[in-house]
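# Coordinates in review
Chain residues, written in single-letter form:
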Amino acid sequence: MIVTVISKNQQLLDTTCQILTKDNSSPLFLSDTSDKHKVLPVEGDIWKVMSVVEEEKPDLLLFGGMVDDDSELHVLEQVASQFHNLYIVLLTSGMSSEKLMHVMRIGVREVLSASPTKEELIGMVSRFKERMYKTKLPTDHGEVLAFIPCKGGSGATFIATNLAYILAAQENKRVALIDLNLQLGDASLFLSDIKPPSSIADIADQIHRLDSTFLASSMLQILPNLDVLSSPYEPDQATKITPDHISKLIKILVENYDFVILDIGRRMDAVSIRALDKTDFIYPVLQQTLPFVRDAKRLIEALFSLGYSSDKIRLIINRYDKKSEITLDDVSDTLRLKVAASIPNNYLVVEQAVNHGVPVYKFARDSQVSQVLMGIGANICGNKLKKEKVGWFEKMISG
Ligand SMILES: Nc1ncnc2c1ncn2[C@@H]1O[C@H](COP(=O)(O)OP(=O)(O)OP(=O)(O)O)[C@@H](O)[C@H]1O
Ligand SMILES: [Mg+2]
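Residues numbered from 1 in each chain as written. Chains lettered and ligands numbered in written order. Predicted model: local features only at pLDDT ≥ 70, side-chain atom pairs only at ≥ 80, totals over all residues. Heavy atoms only, no water.

### A word on the overall build of the protein
A tally of regular secondary structure across the protein gives 15 helices and 13 strands. Relative to the compact-globule value of 21 Å for 399 residues, the protein shows a C-alpha radius of gyration of 23 Å, a close match. Once the C-alpha set of the protein is aligned to its principal axes, its extents read approximately 70 × 50 × 45 Å. By sequence separation, contacts in the protein at least 24 residues apart represent 76% of the contacts at least 6 residues apart. (Helix = DSSP H or I, 4+ residues; strand = E, 2+ residues; numbered from the N terminus. Rg over C-alpha atoms; globule rule 2.2 N^0.38 Å. Contact = heavy atoms within 4.5 Å.)

Here's what the structure looks like:
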């Protein structure tokens, strides 16, 4: 593991490196001192960061100093987007909460004080090591989950994007979110206000080049373990994307991510049907009013007639209200499917989070809507683990 500490402040470099390598409570203490494991102090300012990272390829970067203007922030943003797995930590002081939010959005993982204490540094390295360990565990095979609104405004995009974030941030899974609302998709906006580097239409244009590296560089990195592939900027580019593109894309994604989350629009066309064919679980999203239930019935009949079995379909009731005239049992009886999850109506929190382009897990973790989504995220991971264990056991038995 390579750790690089960059600062103009020699004293900060000395004390930080001393604590990281010589203090016996540091997780880096006693690490072997071969070239593969080193803590490298570099005297320099923000302009030195990119070249040092390119040369040393560290796993953890600590930058000590101020990042005041946009061009300085841009350096960090570029480093974060080029080096997906780099854990970037800022050692700085006097940052407003707005700026703090901004640096976190562009990919900085932690901000510590300009002269961090031993406890702060050791806590940060422990969190980094835990994340590095968990995110580097080999994936068996990524699970594909598709979210479809039964009717416009059901909340499918809100749920798909926020669950993707929770699976990455809370469950430490590697997650890819693909916006398959090919006309006027908006998924990336639920997580970030940064313009995605390219879209699924650019991938379709260069499908012969498609591999995991090309794909990673086309996606917007929200967290080191969460990437988003956005829908085309121009709706007319949607026609470039064919079902075969979708098959190729999903094949590469499941090899590289634990979860591939698809935000599928309401249009049932050849592209979305191909995506559903590759999906492990389909989550239709509806609300408890007659128009939603009516459209849900049509959608579910269409899914059955396409040959998807009821085990593959998991209903989600969004904006759940226990006082509603239409109960969960009514929905379940009408659609002849169990309700897998219900998400509370929380207008104030959700509206603000969506308007700021921030997931509710980050914006209001204690809110009921965030807590319920966190529970769903934990269940999804628990179920995948159970399936993998059964698969492993069956393989052992069949020799
Ligand atoms: N649980 C909730 N509580 C309160 N408001 C919610 C909730 N879920 C979603 N919303 C609101 O509903 C709006 C529409 O949600 P969203 O865009 O996810 O719907 P959709 O099903 O993807 O619709 P579309 O067909 O337009 O893609 C969101 O902008 C959000 O403000
Ligand atoms: Mg949507």
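### Remarks on the site of ligand 1
Among the 18 residues in the neighbourhood of ligand 1, the closest are listed as Gly155, Ala156, Thr157, Phe158 and Asn318. One of the side-chain N or O atoms of Arg319 is found 3.4 Å from a nitrogen atom in ligand 1. Among the secondary structure elements, those contributing two or more residues to the shell around ligand 1 are helix H6 (156-169), strand E12 (315-320) and helix H13 (347-356). Tallied by class, the residues present in the shell around ligand 1 amount to eight nonpolar, eight polar and two charged. (Near = heavy atom within 4 Å. Polar contact = N/O pair within 3.5 Å; in protein donor to acceptor, adjacent residues only side chain to side chain. Nonpolar A, V, L, I, M, F, W, Y, C, P; charged D, E, K, R; others polar.)

### Here we look at H13
Side chains of residues three or four places apart in an α-helix project in the same direction, reflecting 3.6 residues per turn. Inspection of H13 places Val349, Val350 and Ala353 among the buried residues, and these make up the whole buried set. All buried residues of H13 project into a common sector of 95 degrees when viewed along the axis, lining one side. Within H13, the exposed residues directed more than 90 degrees away from the buried face are Leu348 and Asn355. Trailing H13 by a residue or two, Gly357 shows a phi angle of about 65 degrees, which is positive. (Buried < 20%, exposed > 50% of the residue type's maximum accessible area, 1.4 Å probe, protein only. Arc of directions from axis to C-beta.)

### Thoughts on the domain arrangement of the protein
Parsing the protein into structural domains produces domain 1 (2-135) and domain 2 (143-397). Distance between the C-alpha centres of domain 1 and domain 2: 33 Å. Listed by partner, the interface residues are 13 residues for domain 1 and 16 residues for domain 2. Contact between domain 1 and domain 2 buries roughly 1400 Å² in total, counting both sides, with carbon and sulfur atoms accounting for 47%. (Domains from an automatic or database assignment. Buried area = accessible area lost by both parts, 1.4 Å probe.)

### A closer look at the sheet that holds strand E7 (residues 175-180)
Across the sheet, eight strands lie side by side as E8-E9-E7-E10-E6-E11-E12-E13; this open sheet has mixed pairing. What marks the edges here is a single partner per strand, and that holds for strand E8 (220-223) and strand E13 (339-344). Strand-to-strand, the axes of this sheet are offset by a mean angle of 20 degrees, without reference to chain direction. In this structure, E7 lies alongside strand E9 (residues 226-229), joined through four bridges in parallel fashion. Bridging from a neighbouring strand, Ile178 pairs with Leu229 of E9. Seen against the sheet, H6 touches strand E6 (143-149), E7, E8, E9, strand E10 (259-264), strand E11 (281-286), E12 and E13 and runs at an angle of roughly 165 degrees to E10. Of the strands in this sheet, E11, E12 and E13 are in contact with helix H12 (residues 328-335), which crosses E12 at around 150 degrees. (Pairing = 2+ DSSP bridges. Axes fitted to C-alpha atoms, helices over the stretch in contact; angles between N-to-C directions.)

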